[in-house]
Amino acid sequence: MDRLARSPRTGGTPVGGMVAVPIALRFMPVRARRYCAALALMVPVLLCAIVAQATTIDSVDIGWLRAHSDVVVRGHVSSVDILDHGPDGRPGIHSAATIRVRETLFGPPSAVVTVWVPGGRMGRRARVVHGQATFEAGEDVVVFLHRHSGALWPTGMMFGKW
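These numbers were taken from a predicted model, which means no experiment stands behind them. All chains use their own residue numbering, which begins from 1 and follows the written sequence. A pLDDT threshold of at least 70 governs which residues receive local features in this predicted model, and a stricter bar of 80 or more applies before side-chain atom pairs are shown or counted, although totals over entire chains, interfaces and linings include all residues. Side-chain measures here rest on the full set of heavy atoms in the structure, leaving out hydrogens and waters.

**Q** Please set out the environment of Leu65 residue by residue, giving values where relevant.
**A** Secondary structure elements follow DSSP: runs of H or I of four or more residues count as helices, runs of E of two or more count as strands, with numbering from the N terminus. On the secondary structure map, Leu65 appears in helix H4 (residues 62-67). The sequence separation of Leu65 and Gly156 amounts to 91 residues, and the corresponding C-alpha distance is 7.0 Å. Here, residues are in contact when the closest pair of their heavy atoms is within 4.5 Å. If we skip the residues at most four places from it in the chain, Leu65 touches Val60, Phe144, Thr155, Phe159, Gly160 and Trp162.

Here is the structure:
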């Protein structure tokens, strides 16, 4: 290890318990090194800001949900199936919740609706979509649904399930 730290490829000899500056940086002006160090510290901060912006969720009200929904039903979740594809066949873990309809509040009446949501757990694989509605067999729900690609999805993600 000591011999490797002293080789010309690693940039020199240990100084005070630390390895000296790599060769590529030794020939850079001090100002350029400081710029590189500042940039290296700023990149993670900027990436965190991008992630934080992507997880921002605006709240919605009942009027908005109703205006953007094709179907609104009250019912009982009879089963939830986890599949490795969406309703249109695209790959990715999706959950398909089957709801026995007790009352249709808006839209065409139906005895059963299947609600699709991205996400779920298949064995050791999982797909988590933050802010998305989740369904469990046995729960009673009121759902605001919109039609996309021939399937029903919760309107406003988690806000579409009550």
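**Q** If you had to explain the pattern of salt bridges to someone new, which residues and values would you point to?
**A** Just to be clear on terms, a salt bridge is a Lys or Arg side-chain nitrogen sitting within 4 Å of an Asp or Glu carboxyl oxygen. For the structure on display, the rule yields four salt bridges. When the shortest N-O distance is used, the salt bridge between Arg74 and Glu103 registers 3.3 Å. On the criterion of sequence distance, the pair formed by Arg74 in strand E3 (residues 71-85) and Glu103 in strand E4 (residues 91-106) is long-range, its members being 29 residues apart. Partly exposed describes any residue whose relative accessible area lies between the buried limit of under 20% and the exposed limit of over 50%, with all areas from a 1.4 Å probe on protein chains only and scaled to the type maximum. A relative accessible area of 36% places Glu103 in the partly exposed class. Here Glu139 and Lys161 are joined by a salt bridge, their closest N and O atoms 3.1 Å apart. Taken together, the residues span a long stretch of sequence, with Glu139 in the loop between strand E7 (125-127) and strand E8 (140-148) and Lys161 in the segment after strand E9 (151-154) at a distance of 22 residues. Residue Lys161 is classed as partly exposed on the basis of its relative accessible area, which comes to 21%.

**Q** Account for the packing of aromatic side chains, naming residues and giving values.
**A** Pairing of aromatic side chains here covers Phe, Tyr and the six-membered ring of Trp, requires ring centres within 6.5 Å, and sorts the geometry by plane angle: under 30 degrees stacked, over 60 edge-to-face, intermediate tilted. Overall, the coordinates contain zero aromatic pairs when judged by the stated rule. Definition used: whenever NZ (Lys) or CZ (Arg) falls within 6 Å of the ring centre and also within 35 degrees of the ring normal, the charge is taken to sit over that ring. A cation sits over an aromatic face here: Arg66 above Phe106, 3.3 Å from the ring centre. The ring of Phe135 is capped by Lys161, whose NZ or CZ atom sits 5.1 Å from the centre of that ring.

**Q** Can you lay out the nonpolar core for me, pointing to particular residues and giving the numbers?
**A** One broad trend across soluble globular proteins is that nonpolar side chains are buried collectively. To qualify as a nonpolar core, a set must consist of buried Ala, Val, Leu, Ile, Met, Phe, Trp, Tyr and Cys residues joined through side-chain atoms within 4.5 Å. In terms of nonpolar packing, the biggest core is built from 15 residues, with Ile99, Val113, Phe135, Val143 and Leu145 touching the most fellow members. Mapped by element, the contributors of at least two residues to this core are E3, E4, strand E5 (112-118) and E8.

**Q** Please provide a residue-by-residue account of unusual backbone geometry, values included.
**A** Not every positive phi belongs to a glycine, and Ser149 is a case in point at roughly 55 degrees. By secondary structure assignment, the location of Ser149 is in the loop between E8 and E9. Its identity is not glycine, yet Met157 carries a phi of approximately 55 degrees, on the positive side. Note that Met157 resides in the segment after E9. Its relative accessible area of 33% is what places Met157 among the partly exposed residues.

**Q** Residues and numbers for the pairing of E8, please.
**A** Between any two strands, pairing holds if DSSP finds at least two bridges. In this structure, E3 lies alongside E8, joined through six bridges in antiparallel fashion. Following the sheet pairing, Val72 is matched in E8 by Phe144. One ladder, built from four bridges, connects E8 with E9; its direction is antiparallel. Bridge pairing in E9 places His146 opposite Trp153. What sits between the antiparallel neighbours E8 and E9 is a turn of two residues, in which Ser149 has the positive phi angle 55 degrees.

**Q** I'd like a rundown of the environment of Ile99, residues and numbers included.
**A** Mapped onto the fold, Ile99 is located in strand E4. Separated by 16 residues in sequence, Ile99 and Val115 place their C-alpha atoms 7.5 Å apart. Excluding its chain neighbours within four sequence positions, the residues that come into contact with Ile99 are Gly75, His76, Val77, Ala111, Val112, Val113, Val115, Phe135, Val141 and Val143.

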